[in-house]
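Remarks on the overall topology
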Amino acid sequence: MHASANRLQRVTNPGPAPAPEPKPCPSPGPNPGPATPRTHNTTFPAIFAFGDSILDTGNNDYILTLIKANFLPYGMNFPDKVPTGRFCNGKIPSDFIADYLGVKPVVPAYLRPGLTQEDLLTGVSFASGGSGYDPLTPIVVSAISMSKQLTYFQEYIEKVKGFVGKEKAEHIISKGLALVVAGSDDLANTYYGEHLEEFLYDIDTYTSFMASSAASFAMQLYESGARKIGFIGVSPIGCIPIQRTTRGGLTRKCADELNFAAQLFNSKLSTSLNEVAKTMKNTTLVYIDIYSSFNEMIQNPKKYGFDEIDRGCCGTGLVELGPLCNKFTSLLCKNVSSFMFWDSYHPTERAYKILSQKFVQNDMGPFYDN
């Protein structure tokens, strides 16, 4: 744990002590349901995804880890009903966003063998299920660390230069959209799950460290040539089925402590990114709030056509995740589209589609201006 201590000592001004745990966020008001995202003249030549299982399109298939989803029933609603390593019954946000922006229907995993030149030129996912801003998080589950994802990105850039030359490659990287989603595994697993950091640091200090790490990642993306960078915050992870099961008591209510931690981190992430953005030239660096949209869906499930919001479709829906959600031991719900969660941790394809549409409709504006 000595290395952990050295890492967190570098965090300065962690901010005030946490305020009392907030009550559940009120509904942000009427919000139209899924609709075709609006179109713009701006085009994005590529999309690049970094972070954890929310954007991992199959990289974990090709590393030694137990955190995998390359078996049925994962992928049962994906084209051709193929389990690709996506932690979902179908497509995930990286796919939907790329599709809505007119880049391509699905985003391949960078580590997938046999990628074509076209696959690479239009972008890939470097994300890895189980990764996080705390370097300890991916180590525990043998996921691809954020620093290794950056190494792969730099390797990718060299490949693109080999295909189209330096000038065109720099255009693809600078005009492409780089999305980062991480933090959930740091909080749910490393801090509150395994308690690996909880005994050493209070949640205020830990979330400051996470935000500092995220800002550093943003700067390294910038130094690699990315100029359109979006960081998506942490959702109300206290309300995912497995946290309701393990922390929600007999009634399986949302775990307020985790939701508070998510909001605390999101606030610090937004502030940290605003500060680092001031040092970047000709760059759009944006914090994207997912907490509010996700929470609104939980508070108003019928509005979005969901009947089940507190358990996953796979198995009992209370604890199944990864290897525990398999075709041999797990029964499936009858109507997956009525479930907000696929397993005890990840949303269904339909929930992801709604969230991705909201993102493209409401949060893409700054990227079109640059």
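An unreviewed UniProt entry lists the protein chain under the name GDSL lipase/esterase, with Arabidopsis thaliana x Arabidopsis arenosa as the source organism. Quoted verbatim from the Sequence similarities (unreviewed entry) field of UniProt, the annotation for the protein chain is "Belongs to the 'GDSL' lipolytic enzyme family."

Across its full length, the protein chain holds 13 helices and 6 strands. Looking at the protein chain as a whole, 57% of its 370 residues are labelled buried. Across the protein chain, every contact between residues at least 6 apart in sequence was considered, and the portion connecting residues at least 24 apart equals 73%. For the protein chain, the exposed area adds up to about 15600 Å²; of that, 55% sits on carbon and sulfur atoms.

Further remarks concern unusual backbone geometry. Residues L72 and P73 are joined by a peptide bond in cis, for which omega reads 10 degrees. With respect to the helices and strands, the residue P73 is situated in the loop between β1 (47-51) and α2 (93-100). The backbone of R252 shows a phi angle near 55 degrees, a positive value even though the residue is not glycine. Relative to the assigned elements, R252 resides in the loop between α9 (241-247) and α10 (256-277). The backbone of N282 sits at a positive phi, close to 50 degrees, despite the residue not being glycine.

A full pass over the atoms with the stated rule returns 12 salt bridges. Residues D204 and K268 are paired through a salt bridge, measuring 2.5 Å at the closest nitrogen-oxygen approach. Here the residue D204 occupies a position in helix α8 (residues 203-223), and K268 occupies one in helix α10, the gap between them amounting to 64 residues. Accessibility expressed as a relative area gives 14% for K268, which makes it buried. Residue K358 is joined to E296 by a salt bridge in which the shortest nitrogen-to-oxygen separation is 3.9 Å.

The subject of this paragraph is the nonpolar core. The biggest cluster of nonpolar side chains holds 99 residues, and the ones touching the most others in it are F48, Y156 and F231. Per-element accounting of this core gives the leading share, 10 residues, to α8. With residues near it in sequence (within four places) discarded, Y156 still touches F48, Y110, L120, L121, G123, V124, F126 and I173.

End to end, α8 covers 30 Å across 21 residues, agreeing with the expected 30 Å (1.5 Å per residue, within 8%). Of all 21 residues in α8, 15 are buried; the element is thus mostly enclosed.

Another aspect to go through is the pairing of strand β4 (residues 284-288). If a strand is regular, its side chains alternate between the two faces of the sheet. With 4 of its 5 residues buried, β4 lies for the most part within the structure. Bridge analysis of strand β3 (residues 228-232) against β4 gives 5 bridges, and the strand direction is parallel. Counterpart to G230 in the pairing with β4 is V286.

Moving on to the packing of aromatic side chains. What the rule picks out here adds up to 22 aromatic pairs. Ring centres of F50 and F153 lie 5.2 Å apart, and the angle between their planes is 85 degrees; on these two criteria the pair is classed as edge-to-face. One end of the pair, F50, is in strand β1; the other, F153, is in helix α5 (residues 146-164), and 103 residues separate them in sequence. Residue F153 is classed as buried on the basis of its relative accessible area, which comes to 0%. Ring geometry for F294 against F341: centres 6.0 Å apart, planes inclined by 50 degrees, an arrangement best described as tilted. Residue F294 is located in helix α11 (residues 291-299), and its partner F341 is located in strand β6 (residues 339-341); the two are separated by 47 residues in the primary sequence. Side by side, F294 and F341 carry an identical accessibility label, which is buried. Here the aromatic cluster, defined as three or more aromatic residues joined through ring pairs, consists of F48, F50, Y110, F126, Y152, F153, Y156, F217 and F231. Here R350 stacks its cationic end above the ring of F306, 4.6 Å away from the centre of that ring.

Here we take up the side chain of R244. As for its placement among the helices and strands, R244 is situated in helix α9. Of the side chains bearing the opposite charge, D310 lies closest to the buried R244, which forms no salt bridge; the N-O distance is 5.0 Å. Those residues in contact with R244, other than ones at most four positions away along the chain, are G238, C239, G249, R252, K253, C254, I298, I309 and D310.

Ordered by their spatial adjacency, 4 strands build an open sheet running β1-β2-β3-β4, and the pairing between neighbours is parallel. In this open sheet, the two strands that pair with only one neighbour each are β1 and β4. Sheet twist, expressed as the mean angle between neighbouring strand axes with direction ignored, is 15 degrees. The pairing of strand β2 (residues 177-181) with β3 spans 4 bridges and is classified as parallel. Opposite V181, over in β3, you have I232 as the bridge partner. Where α10 meets the sheet, its contacts fall on β3 and β4, and the angle it forms with β4 comes to roughly 170 degrees.

Further remarks concern the packing of α5 against helix α6 (residues 166-175). Contact geometry of α5 with α6 gives a least axis separation of 7 Å together with a crossing angle of 135 degrees. Considering the angle they form, α5 stands oblique to α6. The handedness of the crossing between α5 and α6 is right-handed. From α5, F153, Y156, I157, V160, K161 and V164 reach across to α6, where they touch K166, K168, A169, I172 and I173.

Reading guide: rules and limits
- Residues numbered from 1 in each chain as written.
- Predicted model: local features only at pLDDT ≥ 70, side-chain atom pairs only at ≥ 80, totals over all residues.
- Heavy atoms only, no water.
- UniProt positions renumbered as here; feature names shortened; annotations may be inferred.
- Helix = DSSP H or I, 4+ residues; strand = E, 2+ residues; numbered from the N terminus.
- Buried < 20%, exposed > 50% of the residue type's maximum accessible area, 1.4 Å probe, protein only.
- Contact = heavy atoms within 4.5 Å.
- Areas by Shrake-Rupley, 256 points an atom, 1.4 Å probe, with all protein chains shown as cover.
- Salt bridge = Lys/Arg side-chain N within 4 Å of Asp/Glu carboxyl O.
- Core = buried A, V, L, I, M, F, W, Y, C linked by side-chain atoms within 4.5 Å.
- Expected span 1.5 Å × (residues − 1).
- Pairing = 2+ DSSP bridges.
- Phe/Tyr/Trp six-rings, centres within 6.5 Å; stacked < 30°, edge-to-face > 60°.
- Lys NZ or Arg CZ within 6 Å of the ring centre and 35° of its normal.
- Lys, Arg positive; Asp, Glu negative; His and termini not counted.
- Axes fitted to C-alpha atoms, helices over the stretch in contact; angles between N-to-C directions.
- Parallel < 35°, antiparallel > 145°, perpendicular 65-115°, else oblique.
- Left-handed = near helix turned anticlockwise from the far one by under 90°.

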